[in-house]
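Here is what each chain is made of, one letter per residue.
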Amino acid sequence: MPTLQHFETDIDDRYGDLDSRTDSDIPEIPPSSDRTPEILKKALSGLSSRWKNWWIRGILTLTMISLFFLIIYMGSFMLMLLVLGIQVKCFHEIITIGYRVYRSYDLPWFRTLSWYFLLCVNYFFYGETVADYFATFVQREEQLQFLIRYHRFISFALYLAGFCMFVLSLVKKHYRLQFYMFAWTHVTLLITVTQSHLVIQNLFEGMIWFLVPISSVICNDITAYLFGFFFGRTPLIKLSPKKTWEGFIGGFFSTVVFGFIAAYMLSKYQYFVCPVEYRSDVNSFVTECEPSELFQLQSYSLPPFLKAVLRQETVSLYPFQIHSIALSTFASLIGPFGGFFASGFKRAFKIKDFANTIPGHGGIMDRFDCQYLMATFVHVYITSFIRGPNPSKVLQQLLVLQPEQQLNIYKTLKTHLIEKGILQPTLKV
Amino acid sequence: MTELRQRAVREPDAPPEDKESESEIKVDGETASDSESRAEAVSLATSADDTPEVLNRALSNLSSRWKNWWVRGILTLAMIAFFFIIIYLGPMVLMIIVMCVQIKCFHEIITIGYNVYHSYDLPWFRTLSWYFLLCVNYFFYGETVTDYFFTLVQREEPLRILSKYHRFISFTLYLIGFCMFVLSLVKKHYRLQFYMFGWTHVTLLIVVTQSHLVIHNLFEGMIWFIVPISCVICNDIMAYMFGFFFGRTPLIKLSPKKTWEGFIGGFFATVVFGLLLSYVMSGYRCFVCPVEYNNDTNSFTVDCEPSDLFRLQEYNIPEVIQSVIGLTTIWMYPFQIHSIALSTFASLIGPFGGFFASGFKRAFKIKDFANTIPGHGGIMDRFDCQYLMATFVNVYIASFIRGPNPSKLIQQFLTLRPDQQLHIFNTLRSHLADKGMLTATTEDE
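Here the residue index of a chain counts from 1 through its sequence in written order. The order in which chains are written sets their letters, starting at A; the order in which ligands are written sets their numbers, starting at 1. It should be noted that, the model being predicted, local features are given only for residues of pLDDT at least 70 and side-chain atom pairs only at 80 or more, the latter also being counted only at that level, while totals for whole chains, interfaces and linings use all residues. Excluding hydrogens and water, the side-chain values take into account all heavy atoms of the structure.

Draft legend 1. Structural detail: the pattern of salt bridges. We define a salt bridge as a contact between a side-chain nitrogen of Lys or Arg and a carboxyl oxygen of Asp or Glu at a distance within 4 Å. Applying the stated criterion across every chain yields a total of three salt bridges over all chains. The salt bridge involving Lys 89 of chain A is made with Glu 93 of chain A; its shortest N-O contact spans 3.5 Å. Of this pair, Lys 89 of chain A and Glu 93 of chain A both sit in helix α4 (residues 76–102), four residues apart, which is roughly one turn of the helix. Among the residues examined, Lys 89 of chain A registers a relative accessible area of 28% and is labelled partly exposed. Overall, Glu 93 of chain A belongs to the buried group, its relative accessible area being 2%. Measuring nitrogen to oxygen at the nearest pair gives 3.4 Å for the salt bridge that ties Glu 143 of chain B to Arg 167 of chain B. Taken together, the residues span a long stretch of sequence, with Glu 143 of chain B in helix α7 (residues 125–148) and Arg 167 of chain B in helix α10 (residues 166–183) at a distance of 24 residues. Of the residues examined, Glu 143 of chain B reaches a relative accessible area of 26% and is grouped as partly exposed. Put simply, DSSP marks the helices as runs of H or I at least four residues long and the strands as runs of E at least two long, and each gets a number from the N terminus on. Between buried and exposed lies partly exposed: a residue is buried under 20% and exposed over 50% of the maximum accessible area for its type, with that area taken using a 1.4 Å probe on protein chains only.

Draft legend 2. Fine view of the UniProt feature "transmembrane region" (unreviewed entry) in chain A. UniProt positions are given in the numbering used here, feature names are shortened, and annotations may be inferred rather than shown by experiment. Residues annotated by UniProt as "transmembrane region" (unreviewed entry) correspond here to residues 54–86, 107–126, 146–168, 180–200, 206–232, 244–266 and 320–342 of chain A. Taken end to end, residues 244–266 of chain A has its terminal C-alpha atoms 32 Å apart, with 96% of it in helix and 4% in strand.

Draft legend 3. Region of the structure containing the interface of chain B and chain A. Any two residues whose heavy atoms approach within 4.5 Å at even a single point are treated as in contact. The interface is formed by 79 residues belonging to chain B together with 81 residues belonging to chain A. Both faces combined, the contact of chain B with chain A buries some 7900 Å², and carbon together with sulfur accounts for 76% of it. Of all residues in chain B, the largest losses of buried area upon contact with chain A belong to Arg 191, Phe 356 and Phe 425 of chain B, amounting jointly to 9% of the total for that side. At the surface where chain B touches chain A, the tally comes to zero salt bridges. Under the rule applied, a polar contact is a pair of N or O atoms within 3.5 Å (in protein, one hydrogen donor and one hydrogen acceptor; residues adjacent in sequence only if both atoms are side-chain atoms). Here chain B is connected to chain A by two residue pairs in polar contact (both at pLDDT 80 or more). Taken together, the elements giving at least two residues each to the side of chain B that touches chain A come down to α6 (91–117), α10, α11 (190–220), α17 (350–363), α19 (386–401), α20 (406–414), α21 (418–434) and α22 (440–444) of chain B. Looking at the side of chain B that touches chain A, the element that brings in the most residues is α21 of chain B, giving eleven residues. The nonpolar class holds Ala, Val, Leu, Ile, Met, Phe, Trp, Tyr, Cys and Pro. Asp, Glu, Lys and Arg form the charged class, and all remaining residues, Gly among them, are polar. Residue classes in the side of chain B that touches chain A are distributed as 50 nonpolar, 17 polar and twelve charged. Accessible area that two parts lose when put together, evaluated with a 1.4 Å probe and summed over both, is termed the buried area.

Draft legend 4. Spotlight on helix α19 (residues 403–420) of chain A. Residue and element names in this part refer to chain A. Each helix should span, by expectation, one fewer than its residue count multiplied by 1.5 Å. Compared with an ideal rise of 1.5 Å per residue, which puts 18 residues at 26 Å, α19 spans 25 Å between its outermost C-alpha atoms and is within 8% of the ideal. Turning to α19, its buried residues are Gln 406, Leu 407, Ile 409, Tyr 410, Leu 413, Lys 414, His 416 and Leu 417. Where α19 terminates, the next one or two residues include Gly 421, which has phi positive at roughly 80 degrees.

Draft legend 5. Structural context of the UniProt feature "transmembrane region" (unreviewed entry) in chain B. All names here are of chain B. With numbering matched to this structure, UniProt assigns "transmembrane region" (unreviewed entry) to residues 69–89, 95–117, 124–141, 168–186, 193–215, 221–247, 259–281 and 337–357. End-to-end, the C-alpha atoms of residues 69–89 are 30 Å apart, and along that stretch the chain is 100% helix and 0% strand. The annotated region residues 95–117 carries 100% helix and 0% strand content, and the separation between its end C-alpha atoms amounts to 33 Å.

Following this line, the structure appears as structure tokens:
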């Protein structure tokens, strides 16, 4: 059928544009309008353009940091909501870029499907993680019990419904575009949603596991910028011409020191150090506990050369501060790769910023690109070196077993605990 | 694996390696020009060339349509026979086969990506794709194998350390690949490199996770591996037969050859097939028992007391069918009821995996994923309907058949801190006491 083939060749010209070998064929995506508030503009109208930009960035940085402190004060639940909000906004930003790249605003069903998949994956993750923490609350409600027990099945069924809708929505002339957007959505979900859930899991471990890594990344950003600004000479990587080796190394050392000090200050407060628990009696989150050994001051003997410098035999540190060195090192050495990845992405798709949500800084994604790998690292670090499996999850799985299996396990555990002397053998009543 | 099978079929012929590489080169040459519409005509010629000489000579006097039918038929029987042989050889060989199929599928999809983006000469990219495949496999195998080989792993010191820090090691390996990717970004090829990065990750998500779920199902009991896969194959064949003989109403624009008659006929035939197959298999321990690693003999054993699912029970037949069959009760394995669910999924939702693959092939203007199997296309073409089945079976087992693994729970418990252990123990004790399961004698032990 010659007419059909001719039509498809026209589409191929469009696809040829999309899959072109070099980046030069790609059209520039016009930037969104400037969102700097009028107030700032008036106040800074007298300064030159370079300093004006510097001031806007500075003020917005301080605003964001204050907002951060405010939410920390408001508690873990607000933090969870904030993380969720950021996740949704990041997803939206990346998907919007996909629409613009593929000029696919008018694909049938596609926006609905992207948001539907976001909902499904979030539902799955929240069910897996959050449900553990609400175990006592969940035990009371019958419907929630049902949802938890068949959680995987329900999530899978929801995902399948989306998958089948996608297959049914395939339209003859737009197959390739639709597959591209499908893949784009899935990769975005993989990046944003998994990271945000790992962040929330870290948060539940203790707010300090949330605060210190994020602050280290922010500190590294700021100090690397400052060191680069004042001392920068040798370029670091072709991808980001503004980064310099001086900034990189200076940022590394400052971040380690900052992390060390922040860890010391935060380790004192139960509010930051204790795992977040949901208490059913007060129906809210509480952070009250006996701080673990990580957060109890211990004496470390200094190596000889430090002894001479500091003129002290020993120093009292929290063991957590040693861990904070590992976290800060990762934040300064590997975290920037997340930033380079995002820079490469922006160059690949010829955009200056992910969006224009924050004046002077770009989109939410621009601020969080370095955090990308940090959350996963902290989670893997905690599960490998700090604690084993999640106790609430173990408990929840225990409660789901058959009664005979529970009884068998109970007997095994009892024997084990008595052997270890954790449990005293009970007397006959 | 495919080499083995092809060698068996083509023995009198030229060395199979040459043939295969020849056809690969042809595939590359053809699909590279996929922006032109003549690709379809050319790839058809390629698949005909791939048929072994023996078959070609035997069928030379038949018409083209019947010849194609015979080639497909013979290859189908060859693949089914191969399937039986592997089942006979045992779980270890099955695991290896699954792994090979996974690698071949990954290779096929990545090759399509290279062809689509004309990106053979991207720096580092092939190395990185295979490296990511290795990382993700290492992560998954570590997670699953550790559970099943727990006692073996605890004995050997290096294995114990590897398993304790498994997630950290896997993450580090992945990070290295990620940093290599960032460092390999080249000025003029940013977009292509990001596309291939995305393509690799989506392929890994599809191919590797499915294959590991298949292995999980396998360890649950070989019947959980064989019945679903057979149902999908049966549905494929039955739907084709029903469509061939009775097909009239087209099913979906994506696949013009599929018909409603084929779809519905295939559904009923598959359900019946599933019932019969489960009945036959539930009688044998080697299919029904979970695969376990025996420390003493250092091999896999399938020996156990069959669970309730695999013991004949009497079911009352509803009145409607009583008059038809003339029996009041019937002896069935409970597993057969589950097999109805599995067959239903295989017939109703499984085809969506096939439509997805058809849409993918149309989107990228390829006729088949590759030309590995004569008359059928690539490995991926055969496994596209299995795509969703493995996940469904795994989720089904986890939700309806068994809960969490008790021995695994005990292991996790033993790694917790003493105060956490005490807390869980007390909660369990109060829970059991509420249920009235704790008697005075239990407390004395």
